[in-house]
Amino acid sequence: MKTKKYSAVITAVGMYVPDKVLDNAYFESTMDTTEEWITTRTGIKERRILENGATSDLATKATEDLLQQHNVNPEEIDVIIIATVTPDMLFPATACLVQERIGANNAWGFDLSAACSGFLFAYQTGCAFIESGQYKKVLVIGADKMSSILDYSDRNSCILFGDGAAAVLLEQSEDLNLGLQNSTLRIDGVGKDKLLMSGGGSLNPPTHETVDKKMHYLYQDGKAVFKVAVIGMADVSYELMQKNNLTSDDIAFLVPHQANKRIIDATGKRMGLDSDKVMMNIDKYGNTTAATIPLCLVEYYRDGRIKKGDKLILSAFGAGYTWGSSYLVWAI
Ligand code: COA
């Protein structure tokens, strides 16, 4: 096996969530639900909504935050990868729109579609570009405007999601003990009918009928997804710990995709982690799809809760099905 020369480390972070808050009381006033049901079944208390604008606006603002906070010159960015299932348009890629807005004049890039596992898959892809030695600065963004594909009369789904974006910059390090150490990533099309937006692609191009049948909205069989997500996320995280000889004492934080507090709790429990070692902000933002994991990373980094050398396990499960787990050592 070829030994790698460089490790891919996160050297800068940024985030953006819109100002408008939709709390559970709003849903209680508009549909047959209660604040109590939403909080106890999901852990969500409120979520952010972008009223005007698109996913590229969320992604651009998160990236501007990263560039400003860490004094990064956008012209030095080699690659931009945006994980999203709510691109501004099917094409051009949202990466192109963000590239132009931030002035990353020497970059190439693309969008990556892996739903709630999007950030994890984009992070892995970006790390491979860095580890190969081919590129020095890769920007990985998780961004979704979930409110653009939600049916706000469907109480099963609309209460779960929110809008947001967060970004990380990957760079080379010669210290191979820092950065991404190991991952297990999986897909299985057996889940294709359980969580999807069936209209608008080449299978069901937009027609009056697809609109009437609400095929341009997200559909989820919540119970079915919940069952496999609990098992999938817990198993893959636990197996990654074992594969890397990590005990629960070694791990500083589990950084789980924020879909449902009960899924997060089950994963932490399987890994033997106390709740204070499990990152959580689902109460404030709900499920922002590709943005959940980097939003956690940015918030915990900025308030000083993660420090250099901390061992983190990122973990996600989403539509497809897609799922996986990555083990990394924090480098800043
Ligand atoms: N308010 C009140 N009742 C609601 C509701 C709401 N907002 N949404 C659904 N219900 C009802 C359903 O209609 C159903 O009623 P029925 O049994 O009469 O048909 C019942 O609540 C379902 O209850 P329960 O089985 O206890 O719900 P749940 O524990 O499965 O929770 C979800 C529902 C959606 C929160 C949960 O399944 C979930 O989180 N799923 C996975 C979400 C996810 O992870 N998605 C992203 C990809 S990872």
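What counts and how
- Residues numbered from 1 in each chain as written.
- Predicted model: local features only at pLDDT ≥ 70, side-chain atom pairs only at ≥ 80, totals over all residues.
- Heavy atoms only, no water.
- Buried < 20%, exposed > 50% of the residue type's maximum accessible area, 1.4 Å probe, protein only.
- Helix = DSSP H or I, 4+ residues; strand = E, 2+ residues; numbered from the N terminus.
- Contact = heavy atoms within 4.5 Å.
- Pairing = 2+ DSSP bridges.
- Axes fitted to C-alpha atoms, helices over the stretch in contact; angles between N-to-C directions.
- Near = heavy atom within 4 Å.
- Polar contact = N/O pair within 3.5 Å; in protein donor to acceptor, adjacent residues only side chain to side chain.
- Areas by Shrake-Rupley, 256 points an atom, 1.4 Å probe, with all protein chains shown as cover.
- 1 Å grid on protein atoms, 1.4 Å probe; cavity = no way out; pocket = protein on both sides within 12 Å on 5 of 7 lines; lining within 4 Å.
- Sits in = over half its atoms within 2 Å of the grid points.
- Nonpolar A, V, L, I, M, F, W, Y, C, P; charged D, E, K, R; others polar.
- Salt bridge = Lys/Arg side-chain N within 4 Å of Asp/Glu carboxyl O.
- Parallel < 35°, antiparallel > 145°, perpendicular 65-115°, else oblique.
- Left-handed = near helix turned anticlockwise from the far one by under 90°.

(A) Quick look at helix α10 (residues 292–302). α10 sits mainly inside the fold: nine of its 11 residues count as buried. Where α10 is concerned, the buried positions are Thr292, Ile293, Pro294, Leu295, Cys296, Leu297, Val298, Glu299 and Tyr300. Buried residues in α10 make contact with β1 (7–16), α5 (118–131), β7 (163–173), β11 (253–256), α9 (282–285) and β12 (311–318). Gly304 sits one or two residues past α10 and shows a positive phi near 80 degrees.

(B) The arrangement of the side chain of Thr292 in detail. Position of Thr292 relative to the elements: it lies in helix α10. Using a relative accessible area of 2% as the deciding quantity, one classes Thr292 as buried. Sequence-distant contacts of Thr292, defined by excluding residues within four places in its chain, comprise His257, Gln258, Gly286 and Asn287.

(C) Layout of the sheet that holds β12. Strand order in the open sheet formed by four strands is β8-β13-β12-β11, and the pairing between neighbours is mixed. Both edges of this open sheet fall to β8 (179–187) and β11, since each of them pairs with a single strand only. Strand after strand, the sheet turns through a mean of 15 degrees between neighbouring axes, direction not considered. As paired elements, β11 and β12 share four bridges and run parallel to each other. Across the sheet, residue Leu254 finds its bridge partner in β12, namely Ile313. On top of the sheet, helix α7 (residues 222–243) reaches β8, β11, β12 and β13 (322–329); it is set at about 150 degrees to β12, its chief contact.

(D) How the structure looks around the sheet that holds strand β5 (residues 108–112). Here we have five strands laid out as an open sheet, ordered β1-β7-β6-β4-β5, and mixed in their pairing. Both outer strands of the open sheet, β1 and β5, are each paired with one neighbouring strand and no more. Within this sheet the neighbouring strands show an average axis-to-axis angle of 20 degrees, counted without direction. Two strands pair when backbone bridges link them, and strand β6 (residues 137–145) and β7 are joined in this way by nine bridges, in the antiparallel orientation. Paired with Lys137 across the bridge in β7 is Glu171.

(E) How the structure looks around the site of the ligand. The local shell around the ligand holds 20 residues, among which Thr33, Gln220, Lys223, Asn260 and Arg262 are the closest. Gly222 places a polar main-chain atom, nitrogen or oxygen, 3.0 Å from a nitrogen atom of the ligand. Residue Arg262 places a side-chain N or O atom 2.7 Å away from an oxygen atom belonging to the ligand. Expressed as a share of its isolated accessible area of 960 Å², the protein-covered part of the ligand is 76%. When each cavity is represented as a set of grid points, the ligand is found to reside in the second largest pocket. Of all elements in the fold, only α2 (35–42), α7 and α8 (261–270) reach the threshold of two or more residues within the shell around the ligand. Residue composition of the shell around the ligand, grouped by class: nine nonpolar, seven polar and four charged.

(F) Quick look at the pattern of salt bridges. All chains considered together, the criterion is met by 14 salt bridges. A salt bridge links Arg155 to Asp32, with the shortest nitrogen-to-oxygen separation between them at 3.5 Å. Here Arg155, found in the loop between β6 and β7, pairs with Asp32, found in the loop between α1 (24–30) and α2; they are 123 residues apart in sequence, far enough to count as distant. Looking at Arg155, the relative accessible area reads 45%, which means it is partly exposed.

(G) Looking closely at the packing of helix α3 (residues 55–70) against helix α4 (residues 94–102). It is at 9 Å that the axes of α3 and α4 come closest, and there the two elements cross at 45 degrees. Viewed along their axes, α3 and α4 adopt a mutual orientation that is oblique. Handedness of the crossing formed by α3 with α4: right-handed. Each of Ser56, Asp57, Ala59, Thr60, Thr63 and Leu67 in α3 lies in contact with α4, whose residues at this interface are Thr94, Leu97, Val98, Arg101 and Ile102. For the contact of α3 with α4, the residue count by class is five nonpolar, four polar and two charged.

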